[in-house]
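Observations on the model geometry
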Amino acid sequence: MDHKLEKILARVQKPGRYVGGEYNAVVKDKAGVDCRFALCFPDTYEIGMSNLGMRILYGVMNETDGVWCERVFAPWGDMEDAMRREGLPLYALESGDPVKDFDFVGFSVGYELAYTNILNLLDLAGLPLRAADRPDLAPIVVAGGTAMYDPEPIAPFVDIVSLGEGEDVTLEMIRLYRRAKQEGWSKAEYLRQAARIPGLYIPSLYDVTYHDDGTVAAVTPRDGAPAVVTKRIVTDMNRSYYPVKTIVPSTEVTQDRVMLELFRGCIRGCRFCQAGYVYRPVRGRDYELLVKQGIEACRDSGYQDMTLMSLSSSDYPDLLPLCDGLLDYCQPRKISLALPSLRADNFSMRLMEKLQAGGRKSGLTFAPEAGSQRLRDAINKNVTEEDLLNSCRTAFEGGWSSVKLYFMLGLPTETDEDVLGIADLANKVYYTWKTYSTNRSRGIRITVSTSCFVPKSHTPFQWEAQNTMEEYLRKVTLLREHMRNKSITYNWHDPETSFLEAALSRGDRRLADVIETAWRNGAKFDSWSEYFSLRTWLDAFAACGLDPAFYASRERGKDEVLPWSMISDGVKTSYLWKEKETAYQGKITPDCKVKCTGCGASKLCEGGICHV
Amino acid sequence: MSDQRILFRKAGTAKYISHLDLMHTMERAFLRAGISIRHTQGYHPHPYVSIPLPLPLGFSSDCEILEFGLVDGATVETLPEQMNRALPAGIEILDCYDGGLAFKKLAFVRYDITLEFETAQAEEGAEDFKALMGRESFVVQKKSKKAKAGFTEVDIIPLVEAVEAVRAEGTVLSLTLLLKAQNPGLNPDVLLQGFKSEFPDLHVIYTACHRREILDENKAPYR
Ligand code: SF4
């Protein structure tokens, strides 16, 4: 290990996250490698190592001859200070080599509040922030992940945006790069060629013009770049890569367990949910394969916990045989099986009972999202009060004594009556417990949490205004006044980060200056309360002559050119608009299993049909 | 049947695995290697792994010991190779054997300690260190969670069994010390802190501690 690094590590918190060397970390012989990829996660090691997408890409790339993918995470403040003081540039964990010497610097961007960390990492690496200031072919800075469905706020910093699932397109991008390197292409030539690979958006090949009122006038491609770039998906999950052999951190991380991915996408179409749209269509893995992969992953890692992951596990068609197959292996070995993202219905509850047989009964979590049936219909959250209370009844009869309920405030069409519906629902949960609990002496803990709704791109609510912070807090106060039951605890998220998130997640390219200014004034780790400062951001907006409310709290018209209009996830904009109108009529849209409502995502599949 | 022990090295990147994380790492490595080990009795059975003398974070060692009970999946002969394939970088099993001396018989630890100075102060540091060790007593404050004041006072001198080597070379001072292991033992970090605050003119920029050997009361290797 580098002696300078050893000296630094003697003085920082949790040094284990800065050294690599974990079981299954891939170390390759540099002599046999001609493409080096620094896969960066713009948050801490603990969070980044809990990200399944990172693990998949890491595995896919390292299975490829001649390619070596290494990991990079954001150092915590004490480590960053020490690195800057000692002049130690950002390095990759596997080799310890400086990130600036890599062929690719790739960022996995799941949330907008990580933008300043991207800048910070580029800077720590000693790289110029702006793509235009990096004339050489290497390194190519690429970004992917859910936040990249509106990549514009960080467009000037990156060379390539990879849309959708990265398993295939990353390798195509690398293949083209190797050719570029061999044939001595310029960076501009490489990017022009890369623009022809479906799923790769090259920001520098698009000109954006604005109207006087600040809205986008046009997004114009140049040099043969496509007018619309559509995301990539893996069509056959049974043949897609799953990291059975994956890194086992030697120090504790957030998700320290086997993560088994049941399916991608979601049939439900909740109108507020970006994931529900951008991951369309739903694609599952066969349960026999999942059982095999789950067992192998446990064996290889030595993990004693497994989580079944998906956007809505209750919708997995073979959930019972899957759980049975896994339990056969797990139960005798005392491996615990967790199944989050269950719906509030009786089938799911019985399944929970089964999984937790003999184990400790931890808390139950439900996300009704809205307090009234009317509003739940408007957002297409297909759960009824009856379902929810029945599930609670089953749980209380089974001895559970703690329930968490998650809601959003500020959903489109919301009235104060809907807000008070939250208190009402919490009370009904309480009376359900009083009536059916088998163990009243233990008491009941009901926790109600609200957050401020953030309208996201590529959803039916992408045109909506976010509630202002004042409006959100008014609703919080209203709700507080109506939650007097001592068994009910009410927690509300502060609206400041939601406001910033809303401003950044539907932003245009002009926000790059704001992000850079905020970063220069100290913003980083914005999703961490230790660091977040709204003041820094408001000052940065002001310094750049922009108004965050223009992005967060303004309703967009049907004909406005949205900054992300050249990015497609396969779902038609006309479909989203129709869904928005249906929301205002308070009507639900059937899920993909009941009926295909023609969102457009089917054209991403082989043969043009969704297999739900 | 008696329990088993492994003797292992912990160095390189593994220096930064804390004691608690090391226990988890070992439990998982046993599972990965297909070796089943004895679980504790009681209401919440868990795998039994025990380390007589936890190694402070950042120290390296050639002589760590872990006790466990081998149930199935390996013999003491095959275990080192099986485990070494399942462990993270920097942890290496050197030996596996049945039985072993009682934990309380672990009496001394031989440490190799390196101090790096900003300038060529090693000679001066060596003289100061020897002088310090020649004192009747040298009381330092040691952080303590139990004590009300947040620290306790320890006299270091009786806890240093022997100063076996002192080598100065330019900016680097190397010490080999034999320290009491337990009841009470001396963590070399406590000694180094005391040394540094006693001689504020010495500018120590880095220290490294390495456990070379652990010894029983007769100063024979403890196993
Ligand atoms: S095309 Fe139809 S089935 Fe496929 S995701 Fe869209 S609505 Fe669902």
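Our structure's up above, just so we're on the same page.
Before going into details, it helps to say that this report is about the structure given with it.

**Here's the deal with the packing of helix α5 (residues 115-125) of chain A against helix α17 (residues 511-520) of chain A**
Residues and elements named next belong to chain A. Interhelical geometry of α5 versus α17 gives an angle of 65° and a closest axis separation of 9 Å. The pairing of α5 with α17 is recorded here as roughly perpendicular in orientation. α5 and α17 meet at a crossing whose hand is right-handed. Contacts between α5 and α17 pair Tyr115, Thr116, Leu119, Asn120 and Asp123 from the former with Ile515, Glu516 and Trp519 from the latter. Partitioned by chemical class, the residues of the contact of α5 with α17 number four nonpolar, two polar and two charged.

**Some words on the sheet that holds strand β1 (residues 35-41) of chain A**
Residue and element names in this part refer to chain A. The strand order across the open sheet formed by six strands is β2-β1-β3-β4-β5-β6, and the pairing between neighbours is mixed. With one partner strand each, in any of the chains shown, β2 (67-73) and β6 (200-201) form the two edges of the open sheet. Both strand β5 (residues 160-162) and β6 contribute to a ladder of two bridges, which runs antiparallel. Within β6, the residue paired with Ser162 across the bridge is Leu200. Running at roughly 155° to β2, helix α3 (residues 52-62) makes contact with β1, β2 and β3 (104-108) of the sheet. Together, β1, β2, β3, β4 (140-144), β5 and β6 form the strand contacts of helix α6 (residues 166-183), whose direction differs from that of β1 by roughly 140°.

**A look at the pattern of salt bridges**
A pair can form between side chains of opposite charge whenever their charged atoms are brought close. Per the stated rule, a full pass over the model turns up 64 salt bridges over all chains. One salt bridge connects Glu80 of chain A with Arg84 of chain A, and the closest N-O pair in it is separated by 2.8 Å. With Glu80 of chain A and Arg84 of chain A both in helix α4 (residues 77-86) and four residues apart, the pair spans about one turn of that helix. For Lys219 of chain B, the salt bridge identified is with Glu161 of chain B, shortest N-O distance 2.9 Å. One end of the pair, Lys219 of chain B, is in the segment after β12 (204-215); the other, Glu161 of chain B, is in strand β10 (residues 160-169), with 58 residues separating them in the sequence.

**With respect to the packing of helix α13 (residues 385-397) of chain A against helix α14 (residues 416-436) of chain A**
Any two packed helices are characterised by the angle at which their axes cross and by the distance between the axes. Residue and element names in this part refer to chain A. Viewed as axis vectors pointing N to C, α13 and α14 meet at an angle of 35°, and their least axial separation amounts to 9 Å. Classified by chirality, the crossing of α14 by α13 is right-handed. Note on element contacts: α14 touches α13 through Leu425, Lys428, Val429, Thr432, Trp433 and Tyr436, opposite Glu385, Leu388, Leu389, Cys392, Arg393, Phe396 and Glu397. For the contact of α13 with α14, the class distribution of residues is eight nonpolar, one polar and four charged.

**As for the site of the ligand**
Around the ligand, the structure places Arg280, Pro281, Cys592, Cys596, Thr597, Gly598, Cys599, Ser602 and Cys610 of chain A. The residue inventory of the shell around the ligand, partitioned by class, reads five nonpolar, three polar and one charged.

**Some words on the sheet that holds strand β17 (residues 445-452) of chain A**
All names here are of chain A. Here four strands make up an open sheet; going across it, the order is β15-β16-β17-β18 and the pairing parallel. Taken across any chain shown, the strands that pair with only one partner, and hence form the sheet edges, are β15 (364-369) and β18 (488-492). Within this sheet the neighbouring strands show an average axis-to-axis angle of 20°, counted without direction. Here β15 runs beside strand β16 (residues 402-409); their pairing, made up of four bridges, is parallel. Bridging across to β16, Phe366 finds its partner in Leu405.

**A closer look at the nonpolar core**
Residue and element names in this part refer to chain A. Phe104, Phe107, Ile160, Tyr190 and Trp537 are the most contacted members of the largest nonpolar core, which has 125 residues in total. Sort the elements by how many residues they give to this core and α5 lands first, with seven residues. With residues near it in sequence (within four places) discarded, Ile160 still touches Ile140, Val141, Val142, Ala143, Met173, Tyr190, Leu191, Ala194, Leu200, Tyr201, Ile202 and Pro203. With 67 residues, the next largest nonpolar core counts Cys323, Met349, Val383 and Val419 among its residues.

Parameters and conventions
- Residues numbered from 1 in each chain as written.
- Chains lettered and ligands numbered in written order.
- Predicted model: local features only at pLDDT ≥ 70, side-chain atom pairs only at ≥ 80, totals over all residues.
- Heavy atoms only, no water.
- Axes fitted to C-alpha atoms, helices over the stretch in contact; angles between N-to-C directions.
- Helix = DSSP H or I, 4+ residues; strand = E, 2+ residues; numbered from the N terminus.
- Parallel < 35°, antiparallel > 145°, perpendicular 65-115°, else oblique.
- Left-handed = near helix turned anticlockwise from the far one by under 90°.
- Contact = heavy atoms within 4.5 Å.
- Nonpolar A, V, L, I, M, F, W, Y, C, P; charged D, E, K, R; others polar.
- Pairing = 2+ DSSP bridges.
- Salt bridge = Lys/Arg side-chain N within 4 Å of Asp/Glu carboxyl O.
- Near = heavy atom within 4 Å.
- Core = buried A, V, L, I, M, F, W, Y, C linked by side-chain atoms within 4.5 Å.
- Buried < 20%, exposed > 50% of the residue type's maximum accessible area, 1.4 Å probe, protein only.

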